[in-house]
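One-letter residues, chain by chain:
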Amino acid sequence: MKIYNSLNRRLEDFEPLTPEQVTIYSCGPTVYDYIHMGNARTALVTDIIRRYLLYKGYNVKLVQNLTDIDDKIIKRAAELDMSAKELAHQNGEAYFEDSQRLGIQPADVHPKATEHIREMIDLIQILIDKGAAYVIDGSVYYRVHQFAAYGKLSNRKPEDLLAGARVEIDERKEDPRDFDMWKAAKPGEPYWDSPWGKGRPGWHIECSAMAMKHLGETIDIHAGGEDLMFPHHENEIAQSELATGVPFARYWMHVAFLKIDGKRMGKSEKNFILLRDALDHYPTEVIRHFLISAHYRHPLDYNQESLTKSEGALRRLNNCLDTLKKYEGDVVKPSETADTPLQHAVHEMKAQFTQAMDTDFNTAQALGAIFTLVSEVNKALSTIDEAVIPGLAHAYQALTETCQVLGIYNMETQNEDGDNVEQRDELVKLLLEIRQDARNRKDWETSDKIRDRLKELNIQIQDSHHNTTWKLITK
Ligand code: AMP
Ligand code: ZN
């Protein structure tokens, strides 16, 4: 497997620190509001990475934090006349609800910043003891020039770092690049006691402390949106590596933005679509398909047309799987049938799916492989030839397996639909019997009416000398 490592800006062979064991830390939401589709893209990419690693046989431990204390939370809570704690709790619960609706499997641990203040204080103290941090008026700052490798992730030179850092004007800092790890409490704000007085942690120290607490000093994969590379991830590296002396994360993965009208979708841009609103309009699998229809390192544009395309693709996939389901039990040994074109297409699809996902989780190509097989299956179905049946059964297995890795096939709803499918098949059979009776009476009007009405319902019937068969018309 290869992963594009933002740290070295190249594709690298993936080797976890402990064989067969993968640790992942993903920067989660700041819970001051509901999440939008952009946040959902990043969360979904992490979900897919985990699903695929599990499919490959790795043990995976995923940690995704909730930032539940922050300037934005304090400000919004004041506007709404509620406590920061209450607002963060409400939005944290809403986040889990939305993620679940999108089929995102919960992380193994969802640590909250406010429940890890002790660990953050301890980490800050280590940095102070090492001379890498200093205290001014109850706030603690990280001394950037102490960490020679600062800038290695975002590949910025010291002068660029100043320009990009959105540096707060604070004359008291030794160097404008220094950032706060502990903020002295302002009147009316939530605070915790610390060796430096009452205050609260900075955002960057939260992730360093929570990642190391739950996953150890070196984690395999650290993921987040591309906006987090600088300064957030750069600062996480600086804090963690100076404290431990070992690499913090082996592979850094950054998800490109979901855009709308060519601009980043974001809360501050006020151009966002909430995930929960999208889920009220489209099924889970359609939204998942849309969000993974581009490789995660490419920007993706949110628009109606793309979602409509995903809807169409999902309809094609579900029609195909519904039809294939009835052949599920007809698998024979591959050796007996290996040389039919459909069997060949199934092997080809599996190989291409794995190749795509093994190459930096290229979901766009993986979907391409799946939909090529859907077309092959539809071709095979149009022949109504006994010899293709084992291939149909294998295609069903291969498609359900790969679609489940991507989470675009929902077994439970399909099973419910499966009952509908059986009922539909019985109804078509009944209509064909009635039509046959009409033909026997030479009642061509009724016979043609049934044929034409079925066609309008995407069911094509074919008459031969000895019988009549039918198939679904797939677009
Ligand atoms: P926030 O709540 O702003 O801290 O964001 C939570 C996660 O969503 C972070 O990993 C962000 O990088 C990510 N994110 C925010 N906006 C977008 C976007 N438009 N596209 C992709 N990811 C995003
Ligand atoms: Zn983070």
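Small disclaimer: the values here were computed from a predicted structure and weren't measured. (Residues numbered from 1 in each chain as written. Chains lettered and ligands numbered in written order. Predicted model: local features only at pLDDT ≥ 70, side-chain atom pairs only at ≥ 80, totals over all residues. Heavy atoms only, no water.)

1. Let's talk about the overall build of the chain
Put simply, the rule reads: Secondary structure elements follow DSSP: runs of H or I of four or more residues count as helices, runs of E of two or more count as strands, with numbering from the N terminus. Under the scheme applied here, a residue whose accessible area is under 20% of the maximum for its type counts as buried, over 50% as exposed, and between as partly exposed, the area being computed with a 1.4 Å probe on protein chains only. Contacts are assigned to residue pairs that have any heavy atoms within 4.5 Å of one another. Per-residue and other accessible areas follow the Shrake-Rupley method at a 1.4 Å probe size, with only the shown protein chains counted as cover for residues. The convention is simple: Lys and Arg are positive, Asp and Glu are negative, and His and the chain ends are not counted. To locate a charge, the coordinates of NZ of Lys, CZ of Arg, CG of Asp or CD of Glu are taken.
Tallying secondary structure elements over the chain gives 16 helices and 15 strands in all. If one aligns the C-alpha atoms of the chain with their principal axes, the spans along those axes are about 100 × 50 × 35 Å. Within the span of the chain, comprising 475 residues, buried residues form 52% of the whole. Contacts in the chain between residues far apart in sequence, at least 24 positions, make up 76% of those at least 6 positions apart. Working note: accessible area of the chain is about 22700 Å², and carbon and sulfur atoms make up 49% of it. Looking at the chain, you have 58 positive and 75 negative side-chain charges, and the mean spots of the two groups are 3 Å apart.

2. A closer look at the sheet that holds strand 10 (residues 249-255)
What counts is decided by this rule: Pairing between strands requires that DSSP locate at least two bridges from one strand to the other. Here the axes come from fitting lines to C-alpha atoms, over the contacting stretch only for helices, and the angles between their N-to-C directions go from 0 to 180 degrees.
On the basis of which strands lie adjacent, the open sheet formed by four strands has the order 4-3-9-10 and parallel pairing. Where the open sheet ends on each side, the last strands, each with one partner, are strand 4 (59-64) and strand 10. Within this sheet the neighbouring strands show an average axis-to-axis angle of 20 degrees, counted without direction. Of the strand pairs in this sheet, strand 9 (residues 219-225) and strand 10 are connected by six bridges, and their pairing is parallel. Residue His-222 lies in a different strand from strand 10, and its bridge partner there is Trp-252. Against the sheet, helix 6 (residues 203-215) touches strand 3 (21-26), strand 4 and strand 9, its axis set at about 160 degrees to strand 3.

3. Topic: the coordination of the zinc ion (ligand 2)
So the rule is basically this: For Na, K and Ca the donor cutoff is 3.2 Å, while for all other metals N, O and S atoms must lie within 2.8 Å; water is not among the atoms, so some sites may look incomplete.
Around the zinc ion (ligand 2), the protein contributes the donor atoms Cys-27 (SG), Cys-207 (SG) and His-232 (NE2), which lie 2.1 to 2.2 Å from the metal centre. Between the donor residues of the zinc ion (ligand 2), the gaps in sequence give the motif C-x179-C-x24-H. One end of the pair, Cys-27, is in the loop between strand 3 and helix 1 (37-55); the other, His-232, is in helix 7 (residues 229-244), with 205 residues separating them in the sequence.

4. Here we look at the packing of helix 12 (residues 341-358) against helix 13 (residues 363-383)
Basically, it comes down to this: Geometric relationships in this document are graded by angle, where less than 35 degrees denotes roughly parallel, more than 145 denotes roughly antiparallel, 65 to 115 denotes roughly perpendicular, and other angles denote oblique. The residue classification treats Ala, Val, Leu, Ile, Met, Phe, Trp, Tyr, Cys and Pro as nonpolar and Asp, Glu, Lys and Arg as charged. All others, Gly included, are polar.
The geometry of helix 12 relative to helix 13 is characterised by a closest axis approach of 8 Å and an angle of 170 degrees between their N-to-C directions. As the angle between them shows, helix 12 and helix 13 are arranged roughly antiparallel. In contact with Leu-342, Ala-345, Val-346, Met-349, Gln-352, Phe-353, Ala-356 and Met-357 of helix 12, helix 13 contributes Thr-363, Gln-365, Ala-366, Ala-369, Ile-370, Leu-373, Glu-376, Val-377 and Ala-380. Its residues assigned to classes, the contact of helix 12 with helix 13 shows 13 nonpolar, three polar and one charged.

5. Details of the side chain of Gln-343
Applicable threshold: As used in this structure description, the phrase polar contact means that two N or O atoms lie within 3.5 Å; if the pair is within protein, one of them must be able to donate a hydrogen and the other to accept it, and residues adjacent in sequence are counted only when both atoms belong to side chains.
Within the secondary structure, Gln-343 is located in helix 12. A polar atom in the side chain of Gln-343 sits 2.9 Å from the side chain of His-394.

6. Overview of helix 16 (residues 444-456)
To keep it simple, the criterion reads: Take the number of residues in a helix, subtract one, and multiply by 1.5 Å to get its expected span. Comment: arc refers to directions from the helix axis out to C-beta atoms.
An ideal rise of 1.5 Å per residue puts 18 Å on 13 residues; helix 16 measures up with 18 Å between its terminal C-alpha atoms. Listing the buried residues of helix 16 in full gives Ser-447, Ile-450 and Leu-454. The arc that holds the buried residues of helix 16, viewed along the axis, is 65 degrees, so those residues lie on one side. Along helix 16, exposed side chains directed more than 90 degrees from the buried face belong to Glu-445, Lys-449 and Glu-456. Immediately beyond the C-terminal end of helix 16, within one or two residues, lies Asn-458, with a positive phi of roughly 70 degrees.

7. Overview of the packing of aromatic side chains
Rule in force here: In this scheme Phe, Tyr and Trp rings, the latter by its six-membered ring, pair at centre separations within 6.5 Å, and the angle between planes marks the pair as stacked below 30 degrees, edge-to-face above 60, and tilted otherwise. Put simply, a charge is over a ring when the Lys NZ or the Arg CZ is close to the ring centre, within 6 Å, and near the line of the ring normal, within 35 degrees.
Scanning the entire structure with this criterion turns up twelve aromatic pairs. Each ring, one from Tyr-134 and one from Tyr-141, has its centre 5.7 Å from the other, and the planes form 25 degrees; the classification is stacked. Both residues of the pair, Tyr-134 and Tyr-141, belong to the buried class. With a centroid separation of 6.1 Å and 50 degrees between ring planes, the pair formed by Phe-248 and Trp-252 is classed as tilted. Summarising the burial analysis for this pair, Phe-248 and Trp-252 share the class buried. Put simply, the rings of Tyr-52, Tyr-55, Phe-353 and Phe-361 touch in pairs and so form one group of aromatic residues. Lying over the aromatic face of Tyr-32, Lys-267 brings its terminal NZ or CZ to 4.8 Å of the ring centre. The ring of Tyr-34 is capped by Arg-276, whose NZ or CZ atom sits 4.0 Å from the centre of that ring.

8. A short note on the pairing of strand 5 (residues 133-136)
As defined by bridge partners, strand 5 adjoins strand 6 (residues 139-142) across four bridges and the pair is classed as antiparallel. Residue Ile-136 lies in a different strand from strand 6, and its bridge partner there is Ser-139. Two successive antiparallel strands, strand 5 and strand 6, enclose a turn made up of two residues, where Asp-137 displays a positive phi of approximately 45 degrees.

9. Let's talk about the site of ligand 1
Just so we agree on the cut-off: We call a residue near a molecule or strand whenever a single non-hydrogen atom of that residue lies within 4 Å of it.
Looking at ligand 1, there are 17 residues lining it, with Thr-42, Gly-225, Asp-227, Leu-258 and Met-265 nearest. Contact distances for ligand 1 include 3.0 Å between a nitrogen atom and a side-chain N or O atom of Arg-264. Between ligand 1 and Met-265 there is a distance of 2.7 Å, counted from a nitrogen atom to a backbone nitrogen or oxygen. For ligand 1, whose free accessible area comes to 490 Å², the fraction covered by protein is 93%. Secondary-structure elements contributing two or more residues to the shell around ligand 1 are helix 1 and strand 9. Top element by residues in the shell around ligand 1 is helix 1. It accounts for three residues. Of the residues that constitute the shell around ligand 1, the class distribution is seven nonpolar, eight polar and two charged.

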